[in-house]
Amino acid sequence: MKIKNRIKSHQEFQSTIKNGKSIRNDSFIVYFLKNEYGYPRVGISIPTKSGHAVTRNKMKRQIRAVLSHELNLNLGFDLIFITRRSYDINNFSKTSQDIVMLLNKVGNK
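Thresholds, definitions, all that
- Residues numbered from 1 in each chain as written.
- Predicted model: local features only at pLDDT ≥ 70, side-chain atom pairs only at ≥ 80, totals over all residues.
- Heavy atoms only, no water.
- Helix = DSSP H or I, 4+ residues; strand = E, 2+ residues; numbered from the N terminus.
- Rg over C-alpha atoms; globule rule 2.2 N^0.38 Å.
- Buried < 20%, exposed > 50% of the residue type's maximum accessible area, 1.4 Å probe, protein only.
- Pairing = 2+ DSSP bridges.
- Axes fitted to C-alpha atoms, helices over the stretch in contact; angles between N-to-C directions.
- Contact = heavy atoms within 4.5 Å.
- Salt bridge = Lys/Arg side-chain N within 4 Å of Asp/Glu carboxyl O.

(A) Geometry of the overall build of the chain. Of regular secondary structure, the chain possesses 3 helices and 4 strands. Beginning at the N terminus, the succession of helices and strands in the chain can be written as α-β-β-β-α-β-α. Relative to a compact globule of 109 residues, whose C-alpha radius of gyration would be 13 Å, the chain shows 13 Å and is just as compact. The principal-axis extents of the C-alpha atoms in the chain amount to approximately 35 × 25 × 25 Å. Across the 109 residues of the chain, 39% fall into the buried class.

Have a look at this one:
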């Protein structure tokens, strides 16, 4: 994912969470808010209870890999992905299916 497609600042994370809508499934909670840029921006949050730094970084890499293939670049939303405890780091296909399902729901709203 390109740098322009990432949300990094705390204020933007909090703004999207506070003002946006949310959808969830077993592995993720996704907050989304329409932005004025015309292209999607993504933030990923992994709670520290999910594991050590190596595990959390692997989770982020997996999520970014799926998003780089599945994210519609015409979708003008800020998206915040927060993982849940039931996220399975060893089941990449389920992760991919979950993210695709959530992105389809965001695109329809």
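(B) Inspection of the sheet that holds strand β3 (residues 41-45) at higher detail. The 4 strands are arranged β1-β2-β4-β3 in an open sheet whose pairing can be described as mixed. Among the strands making up the open sheet, the edge pair consists of β1 (21-24) and β3. Taking the axes of each pair of neighbouring strands and ignoring which way they run, one obtains an average angle of 20° across the sheet. Inspection of the sheet shows β1 paired to strand β2 (residues 28-34) by 4 bridges, in the antiparallel sense. Opposite R24, over in β2, you have I29 as the bridge partner. Along the sheet, helix α1 (residues 10-19) contacts β1, β2, β3 and β4 (77-83); its crossing angle with β2, the most-contacted strand, is approximately 90°. Contacting β2, β3 and β4, helix α2 (residues 53-70) runs over the sheet at an angle of about 155° to β3.

(C) Inspection of the pattern of salt bridges at higher detail. Applying the stated criterion to the full structure yields 3 salt bridges. Of the charged contacts in the structure, one is a salt bridge between R41 and E12, with a shortest N-O distance of 3.3 Å. Of this pair, R41 sits in strand β3 while E12 sits in helix α1, and the two are 29 residues apart along the sequence. Take R41: its relative accessible area is 8%, and that puts it in the buried class. Of the charged contacts, one joins R41 and D78 as a salt bridge, the two residues approaching to 2.9 Å between their closest N and O atoms. Here R41, found in strand β3, pairs with D78, found in strand β4; they are 37 residues apart in sequence, far enough to count as distant. Taken individually, R41 and D78 each receive the classification buried, so the pair is uniform in this respect. Sharing partners across several salt bridges, the network here consists of E12, R41 and D78.

Structural measurements only, silent on function.
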